[in-house]
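Structure assessment
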Amino acid sequence: MSRSAHPAGPRHADVLPEGHYSAPATDLNELDAKVWSRTVTRDADGALTVGGMEVARLAEEFGTPAYFLDESDFRARCRAWADAFGPDADVFYAGKAFLSRAVVRWLTEEGLNLDVCSGGELATALDAGMPAERIAFHGNNKTVAEIERAVEAGVGRIVLDSFQEIVRVAHTAQRLGIRQRVQIRVTVGVEAHTHEFIATAHEDQKFGIALAGGQAAEAVRRALTLDGLELIGIHSHIGSQIFDMAGFEVSARRVVQLLAEVRDEHGVELPEIDLGGGLGIAYTSDDDPREPHEIAKSLGDIVTRECEAAGLRTPRISVEPGRAIVGPTAFTLYEVGTIKPLEGLRTYVSVDGGMSDNIRTALYDAEYSVALVSRTSDAEPMLVRVVGKHCESGDIVVKDAFLPSDLAPGDLIAVPATGAYCRSMASNYNHALRPPVVAVRDGQARVIVRRETEEDLLRLDVG
Ligand code: LLP
């Protein structure tokens, strides 16, 4: 698409690098269903509504910045994943994407399991009533205290990530007189096509035990000899925000190869494999994510095929989507504060949040889209960078986007697809108060994580 795709063209178009920034082909008022949660629409006045509630009303009642989470969309996505994988597989929602008591209750009601990776996530899950046997406990450096708590609580599985941990979990379980169900996380040596910081299956990184050099086979050997452990399977997670299924296929193939080696060496067919999470979502109109049923079919086919070839019974498969469930279900609502047109460059639009509520742009160069949501506008598009209010020039929320050129202070703009890894990675940088998460459903909105207050900040400051 070229810049001339839009008749009016962006402001300052003549000095932008040729071909780099293309004016939107579509009307800026149109909402691309791919990046917005399912109940989002515009009402007759042009204001965005979610769950039947208008954003201006939501902003008035809950303030900005705030995350608005579409509860019926979240539940529908849980069901879509569970239905796609069916009764012979298990879907674990990855709590690191976003976890709260309400989310745990929704997951419990919708029949999903939960992956936690810290004492804090475990505490939230147990507090909100997730049955312990539906919890998987992850992490590359679980503390002994965390391991004890997980084993005592009766978690369904602990995913072992190192040789030290094999021994630590075995000792804890033995001391407590329990046989703990465990999986071993292996690194399969796949280069996932995603940002370096969220790729996790190439060999040179901190997670898992390498298949290469027989390390994983040795881990299995040790786990099988320890009384406190019941080794139920092998786990692999190759990275995050991945669209190409090829990496999962290689991973599945290598995990099945290990199952065959284990059968040959020990005469044991491990009954489960977990292929992790990592499925990508649409942050902008350029992204084309797969639907859960396509993913389930693709993974199921490859595992079945490989097992048949190796003469193995097909193991029970589990997956751990986080982003793919919660990511598309929320948007962040901001109020526009200042607008600075930089002649020959772009217009900087500053909002009342920033890198403290969405670090992903600064950390991973993540791309987002943005829309004016308190009204529609027929003004020509202008190229903008949406930035926050932090004392840092890397404080960028949306790097390159188009908004109407009549944008004014006080307008509400929203960044879609912020349900995953935004509130969960939010910080208090510059003593920012972390925004609330408001669940919206059927014309009702309720706070599920409240806005931080200055008292919250000062309560921790005991000096
Ligand atoms: N399972 C394991 C073992 C994981 O480590 C992760 C993510 C998941 C499942 C869920 O992955 P998902 O389906 O959500 O992609 N902060 C980064 C993502 C880090 C993911 C860490 N592990 C981001 O904002 O992109």
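Residues numbered from 1 in each chain as written. Predicted model: local features only at pLDDT ≥ 70, side-chain atom pairs only at ≥ 80, totals over all residues. Heavy atoms only, no water.

What follows covers the confidence of the model for the chain. Per-residue confidence for the chain averages 93 on the pLDDT scale, and 93% of its residues sit at or above 70. Segment residues 1–20 is flagged for pLDDT under 50; beyond a separation of four residues in sequence, or across chains, it makes 39 contacts in the model. (pLDDT = per-residue confidence, 0-100. Contact = heavy atoms within 4.5 Å.)

The subject of this paragraph is the pairing of strand β8 (residues 157–160). Of the two faces of β8, the one lined by R157 and V159 and the one lined by I158 and L160 are each fully buried. Relative to β8, strand β7 (residues 135–137) runs parallel, the two sharing two bridges. Residue A136 lies in a different strand from β8, and its bridge partner there is R157. Handedness of the crossover joining β7 and β8 through helix α5 (residues 144–153): right-handed. One crossover worth recording links β8 to the parallel strand β9 (residues 180–187) by way of helix α6 (residues 163–175), and it is right-handed. (Buried < 20%, exposed > 50% of the residue type's maximum accessible area, 1.4 Å probe, protein only. Helix = DSSP H or I, 4+ residues; strand = E, 2+ residues; numbered from the N terminus. Pairing = 2+ DSSP bridges. Right-handed = clockwise from strand over helix to strand, strands pointing away.)

Domain assignment breaks the chain into domain 1 (41–70 + 328–460) and domain 2 (71–324). Summarising the inter-unit geometry, the C-alpha centres of domain 1 and domain 2 are found 33 Å apart. Counting residues at the interface gives 23 residues for domain 1 and 22 residues for domain 2. Together, the buried faces of domain 1 and domain 2 total about 2100 Å²; carbon and sulfur atoms form 61% of this surface. Ranking the residues of domain 1 by area buried against domain 2 places P328, Y421 and R441 at the top, with a combined share of 27%. If you look at where domain 1 meets domain 2, you find one salt bridge. Among the ionic pairs, E71 bridges to R441, the shortest N-O distance being 3.0 Å. (Domains from an automatic or database assignment. Buried area = accessible area lost by both parts, 1.4 Å probe. Salt bridge = Lys/Arg side-chain N within 4 Å of Asp/Glu carboxyl O.)

If you check the shell around the ligand, you find 19 residues, and the closest are S240, E320, R360, Y364 and Y421. Contact between the ligand and K96: an oxygen atom at 3.4 Å from a side-chain N or O atom of the residue. Between the ligand and G322 there is a distance of 3.0 Å, counted from an oxygen atom to a backbone nitrogen or oxygen. Domain assignment of the residues forming the shell around the ligand places at least three in each of domain 1 (41–70 + 328–460) and domain 2 (71–324). (Near = heavy atom within 4 Å. Polar contact = N/O pair within 3.5 Å; in protein donor to acceptor, adjacent residues only side chain to side chain.)

With that settled, consider the nonpolar core. Core analysis: the biggest nonpolar cluster contains 108 residues, and F74, Y93, I184 and I413 have the highest contact counts within it. With eight residues, helix α8 (residues 246–266) is the single largest residue contributor to this core. Looking at which domains feed residues into this core, each of domain 1 (41–70 + 328–460) and domain 2 (71–324) supplies at least three. When sequence neighbours within four positions are dropped, the list of residues in contact with F74 reads L69, Y93, V103, W106, L107, I325, V326 and T329. Ranked by size, the runner-up nonpolar core spans 21 residues in total, among them V40, F68, A282 and L333. (Core = buried A, V, L, I, M, F, W, Y, C linked by side-chain atoms within 4.5 Å.)

This part covers the environment of P315. Here P315 shows up in the loop between α9 (292–310) and β13 (316–319). P315 gets classed as buried once you look at its relative accessible area, which sits at 6%. In this structure the C-alpha to C-alpha distance between P315 and I232, which are 83 residues apart in sequence, comes to 10.0 Å. If we ignore the near neighbours within four places in the chain, the residues touching P315 are L259, L270, P271, E272, I273, V303 and C307.

All right, on to the pairing of strand β17 (residues 381–387) then. Note on strand geometry: in a regular strand, side chains alternate between the two faces of the sheet. Most of β17 is tucked away: seven of the seven residues are buried. In terms of strand pairing, strand β15 (residues 346–351) meets β17 through four bridges, oriented parallel. By the bridge assignment, S350 is partnered in β17 with V387. Here six bridges tie β17 to strand β18 (residues 396–404), and the two strands are oriented antiparallel to one another. Looking at β18, one finds that V384 is bridged to A401.

Further remarks concern the packing of aromatic side chains. Within the structure shown, the criterion is met by seven aromatic pairs. Considering the side-chain rings of F62 and F68, the 6.2 Å spacing of their centres and the 65 degrees angle between planes classify their relative orientation as edge-to-face. Residue F62 is classed as buried on the basis of its relative accessible area of 13%. An angle of 35 degrees between the planes, with centres 5.8 Å apart, marks the rings of F68 and F331 as tilted. In this pair, F68 sits in strand β4 (residues 66–70) while F331 sits in strand β14 (residues 330–342), placing the two residues 263 residues apart along the sequence. Chaining the aromatic ring pairs together yields one cluster made of W36, F62, F68 and F331. (Phe/Tyr/Trp six-rings, centres within 6.5 Å; stacked < 30°, edge-to-face > 60°.)

Judged by pairing direction, the sheet is antiparallel, and its three strands sit side by side in the order β1-β2-β3 without closing on themselves. Of all strands in the sheet, those with a lone pairing partner are β1 (41–42) and β3 (53–54), marking the two edges. By the bridge criterion, two bridges tie β1 to strand β2 (residues 48–50) in an arrangement that is antiparallel. Counted as the bridge partner of T41 is T49 from β2.

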